[in-house]
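Residue-level listing of the chains:
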Amino acid sequence: MASLSRSKRPGPIPAIKRILLEDPSLDTPVPDHFRCPISLDLMRDPVTASTGITYDRQSIESWLERGNLNCPVTGKPIDIHELIPNHSTRKLIQEWCVQNRALGVERIPTPRIPISPLEASEILSQVSLASRRGDKYKCGNLAMKLKEIGKESERDRRCIAAAGAARVLSAAFSQLAGESSENSKALGDLEKILSALAVFFPLDIEAKRWIISPGSLKSMVLILKYGDLSVRLSTLLVLREVVSTLDNASLESVSKTNGLAEALTLLVEKPISPLATKTSLVTIFYLISSNERAASRFVNLGLVSLLLDTLVDSDKSMCEKALAVLEGLFQCEKGRERGCEHALTVPVLVKKMLRVSDMATEFSVSALWRICKGCKKNCIVEAVQVGAFQKLLLLLQVGCNGVTKERASELLKILNGSRGSVECIETVDFKGLKRSFD
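Residues numbered from 1 in each chain as written. Predicted model: local features only at pLDDT ≥ 70, side-chain atom pairs only at ≥ 80, totals over all residues. Heavy atoms only, no water.

The line we're drawing: UniProt positions are given in the numbering used here, feature names are shortened, and annotations may be inferred rather than shown by experiment.
Per an unreviewed UniProt entry, the recorded name for the protein chain is U-box domain-containing protein, and the organism is Rhynchospora pubera. Per its UniProt entry, the protein chain bears the Catalytic activity (unreviewed entry) comment "S-ubiquitinyl-[E2 ubiquitin-conjugating enzyme]-L-cysteine + [acceptor protein]-L-lysine = [E2 ubiquitin-conjugating enzyme]-L-cysteine + N(6)-ubiquitinyl-[acceptor protein]-L-lysine." In its Function (unreviewed entry) section, UniProt records this for the protein chain: "Functions as an E3 ubiquitin ligase."

Shown next as structure tokens:
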């Protein structure tokens, strides 16, 4: 729709309708001329289009970004880059807010003028020049400036990202990373660059190529070990973004980075925040997928035990990620051995079936299938004891698809041989389901 129809064009709001549109948190009506014609809300950042109509910036920019090319009120063509801040209206709104403070009206802050594509390109050019000169200090400060602007609004973030922020910051980080050391001051400026990079996802192929360079990965490991908490989280987010789309050869190369497996495992063992733990698990999941050698490294670091401890008491999201990694570790023989040795493995996997989510059930079934398929008699017997047979039977009755169905069926055949000699301690939860499996 090019413009609002004549009957729907915002005009003076009748008194009764205006009352219905009032913000329930306010005890005073908002003057009509302070409302955005699109949202009908109090304007926080009024801008005037070339047609002379004033809108709230967020509303009119969203209107134009959806593909509309005309002024909603007049129907005449307008351009997003021609919107002019209406300072006089903004000051009047602020004065009105102050006058009505006692009635629950909060003063709107003075908005920041959005960055232009030219300004974004100029700052990024300065970053590139500083990185080529080896000026970490200037690079770090410019990166923080970009981060602050990018977090002001989604429009600013997209503008800076469109100017190539991810490539420029990744290149700067890689070029300066070769000079890094364990000295906190030397890492400080690199931390700023990485922290800014996390704001401007997604990373393109060139940006990822810079990040997986040996020097970059070495510095990222150092930051994971010695950086501030917030920067360590930014580093994890960058790592997750990078490894999520790498091919198997590149993943294996990254997984061999000295100290990376230890740093990621430590963040699971000693969490700094739930988001950091979940991001670490997702990163590990990608690193060990289709890579038994990488899985063995994490197994040797005690990750199987850490995951089982985590699964005892975790939310849905954490549970799904921990089960995904555990199932991945069981693809290697050493991981299956550690799983069979741990007292919590079978009870936890069976407990999570049909209890958390479809995804958690799929990973639980697959993980149990991996350790029982190796003909570990103790695991098979224990699985029958804690009710795995009944749960798998129920799962097939309820319905599951693909690989999960195949593995659940194979597990039932494996467990069926031990049913006669073992009493299930949880059959009370599955009355009516006791029948032979053919």
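Once the structure has been displayed, the description carries forward.
**Remarks on the overall build of the protein chain**
Rules: Numbered from the N terminus, helices here are DSSP runs of H or I no shorter than four residues, and strands are runs of E no shorter than two. Residue contacts are defined here by distance: any two heavy atoms, one from each residue, within 4.5 Å place the two residues in contact.
Looking only at helices and strands, the protein chain has 23 helices and three strands in total. If you take every contact in the protein chain between residues at least 6 apart in sequence, the share linking residues at least 24 apart comes to 67%.

**Here's the deal with the nonpolar core**
Spelled out, the test is: Here, nonpolar core refers to any group of buried Ala, Val, Leu, Ile, Met, Phe, Trp, Tyr and Cys residues whose side-chain atoms link them within 4.5 Å. Exposure categories follow from relative accessible area, calculated using a 1.4 Å probe and restricted to protein chains: below 20% of the type maximum is buried, above 50% is exposed, and the middle band is partly exposed.
Leu169, Val238, Phe298, Leu303, Leu329, Leu368 and Ile371 are the most contacted members of the largest nonpolar core, which totals 110 residues. Dropping the residues within four chain positions of it, Leu329 is found in contact with Ile288, Ala295, Phe298, Val299, Leu303, Val304, Leu307, Gly335 and Arg336. Core analysis: the next-biggest nonpolar cluster, separate from the first, contains 19 residues, Val30, Val47, Tyr55 and Leu83 among them.

**Looking at the pattern of salt bridges**
Heads up, the rule is: Take a side-chain nitrogen of Lys or Arg and a carboxyl oxygen of Asp or Glu: if they are within 4 Å of each other, that pair is a salt bridge.
Applying the stated rule across the entire model yields 16 salt bridges. The salt bridge involving Lys316 is made with Glu320; its shortest N-O contact spans 3.2 Å. Of the two residues, Lys316 and Glu320 are both situated in helix α17 (residues 316-329); the distance of four residues between them amounts to about one turn of the helix. Across the salt bridge formed by Glu327 and Arg370, the nearest N and O atoms sit 2.7 Å from each other. Highlighted residues: Glu327 in helix α17 and Arg370 in helix α20 (residues 358-373), separated in sequence by 43 residues. On the basis of relative accessible area, Glu327 is assigned to the buried category, the value being 10%. In this structure Arg370 comes out as partly exposed when scored by relative accessible area, which is 21%. A single salt-bridge network, built from bridges that share partners, covers Asp45, Arg57, Glu61, Arg155 and Asp156.

**Things to note about the environment of Val403**
As for its placement among the helices and strands, Val403 is situated in helix α23 (residues 402-416). Judged by its relative accessible area of 48%, Val403 is partly exposed. Here the alpha-carbon distance between Val403 and Val365, two residues 38 residues apart in the chain, equals 9.8 Å.

**Quick word on the packing of aromatic side chains**
Applied cut-off: When the centres of two rings from Phe, Tyr and Trp lie within 6.5 Å, Trp using its six-membered ring, the rings pair. Their planes under 30 degrees apart give stacked, over 60 give edge-to-face, and anything left gives tilted.
Tallying each qualifying case throughout the model produces three aromatic pairs. With 6.1 Å between their ring centres and 70° between their planes, Phe34 and Trp96 make a pair best called edge-to-face. Residue Phe34 is found in the loop between α1 (15-21) and β1 (46-48), and its partner Trp96 is found in helix α3 (residues 87-99); the two are separated by 62 residues along the sequence. Among the residues examined, Trp96 registers a relative accessible area of 10% and is labelled buried. Between Phe285 and Phe363, the ring centres sit 6.4 Å apart and the planes meet at 75°, which makes this aromatic pair edge-to-face.

**Description of helix α5 (residues 136-150)**
Quick note on the threshold: Every helix has an expected span of 1.5 Å times one less than the residues it contains.
In this model, α5 (15 residues) spans 21 Å end to end at C-alpha, consistent with the 21 Å of a helix rising 1.5 Å per residue. All of the buried residues along α5 are Lys136, Cys139, Gly140, Leu142, Ala143, Leu146, Lys147, Ile149 and Gly150.

**What about the sheet that holds strand β3 (residues 84-85)?**
Put simply, the rule reads: DSSP bridges decide pairing: two strands pair if at least two such bridges lie between them. To obtain each axis, a line is fitted to C-alpha atoms, and for helices this fit is confined to the stretch in contact; angles are then taken between N-to-C directions over 0 to 180 degrees.
Spatially, β2-β1-β3 is the arrangement adopted by the three strands of the open sheet, whose pairing is antiparallel. In this open sheet, the two edge strands, each paired with only one partner strand, are β2 (54-56) and β3. Helix α2 (residues 57-65) rests against β1, β2 and β3 of the sheet, and its axis sits at about 90° to β2.

**Examining the packing of helix α19 (residues 345-352) against α20**
Test applied: Crossing handedness: left-handed means the near helix sits turned counterclockwise from the far one by under a right angle, and right-handed means the same turn made clockwise. As a working rule, the residues Ala, Val, Leu, Ile, Met, Phe, Trp, Tyr, Cys and Pro are called nonpolar, Asp, Glu, Lys and Arg charged, and the rest polar, with Gly in that last group.
Close contact between α19 and α20 brings their axes to 8 Å; oriented N to C, the two are set at 145°. In terms of crossing hand, the pair formed by α19 and α20 is left-handed. Contact residues: α19 offers Thr345, Val346, Leu349, Val350 and Lys352, while α20 offers Thr361, Ser364, Ala367, Leu368 and Ile371. Taken together, the residues that form the contact of α19 with α20 break down as six nonpolar, three polar and one charged.

**Observations regarding the packing of helix α14 (residues 274-288) against helix α15 (residues 292-300)**
Condition: Should an angle lie under 35 degrees it is considered roughly parallel, over 145 roughly antiparallel, and from 65 to 115 roughly perpendicular; all remaining angles are considered oblique.
Orientation of α14 relative to α15, taken along the N-to-C sense of each, is 135°, at an axis distance of 7 Å. Comparing their axes, α15 and α14 come out oblique. Here Ile284, Leu287 and Ile288 of α14 lie close against α15, whose contacting residues are Ala294, Ala295 and Phe298. Its residues placed into classes, the contact of α14 with α15 shows six nonpolar, no polar and no charged.

**Structural notes on helix α22 (residues 388-398)**
Within α22, the full set of buried residues consists of Ala388, Phe389, Gln390, Lys391, Leu392, Leu393 and Leu395. The elements touched by buried residues of α22 are α19, α20, α21 (377-385) and α23. Gly399 sits one or two residues past α22 and shows a positive phi near 120°.

**Observations concerning the environment of Lys413**
Mapped onto the secondary structure, Lys413 falls in helix α23. Judged by relative accessible area, which is 59%, Lys413 ranks as exposed. Considering only alpha carbons, one finds Lys413 and Phe389, 24 residues apart in sequence, at a separation of 9.3 Å.

**Notes on the side chain of Arg90**
Where we set the bar: For the purpose of charge, His is not counted, nor are the chain termini; Lys and Arg are scored as positive and Asp and Glu as negative.
Inspection of the secondary structure puts Arg90 in helix α3. Asp45 provides the closest opposite charge to the buried, unpaired Arg90, separated from it by 6.5 Å. Sequence-distant contacts of Arg90, defined by excluding residues within four places in its chain, comprise Pro46, Thr110 and Pro111.

**Brief notes about the confidence of the model for the protein chain**
The cut-off we apply is this: pLDDT is a residue-level measure of predictor confidence that goes from 0 to 100.
Averaged over every residue, the pLDDT of the protein chain is 87; the share at 70 or more is 87%. Taken as a whole, residues 1-22 scores under 50 in pLDDT and shows 33 contacts with residues more than four places along the chain or in a different chain. The low-confidence segment residues 427-438 (pLDDT under 50) makes 21 contacts with residues lying over four places distant or belonging to another chain.

**Observations regarding the environment of Gln175**
To keep it simple, the criterion reads: What qualifies as a polar contact is a pair of N or O atoms within 3.5 Å, subject to a donor-acceptor requirement within protein and to the restriction that residues adjacent in sequence count only when both atoms come from side chains.
Mapped onto the elements, Gln175 comes out in helix α7 (residues 165-177). By relative accessible area, Gln175 is classed as partly exposed at 34%. Between the C-alpha atom of Gln175 and that of Arg132, which follows or precedes it by 43 residues, the distance is 7.4 Å. Beyond its immediate chain neighbours, meaning those up to four positions away, Gln175 contacts Ser131, Arg132 and Trp210. There is a polar contact of 2.9 Å between the side chain of Gln175 and the side chain of Ser131.

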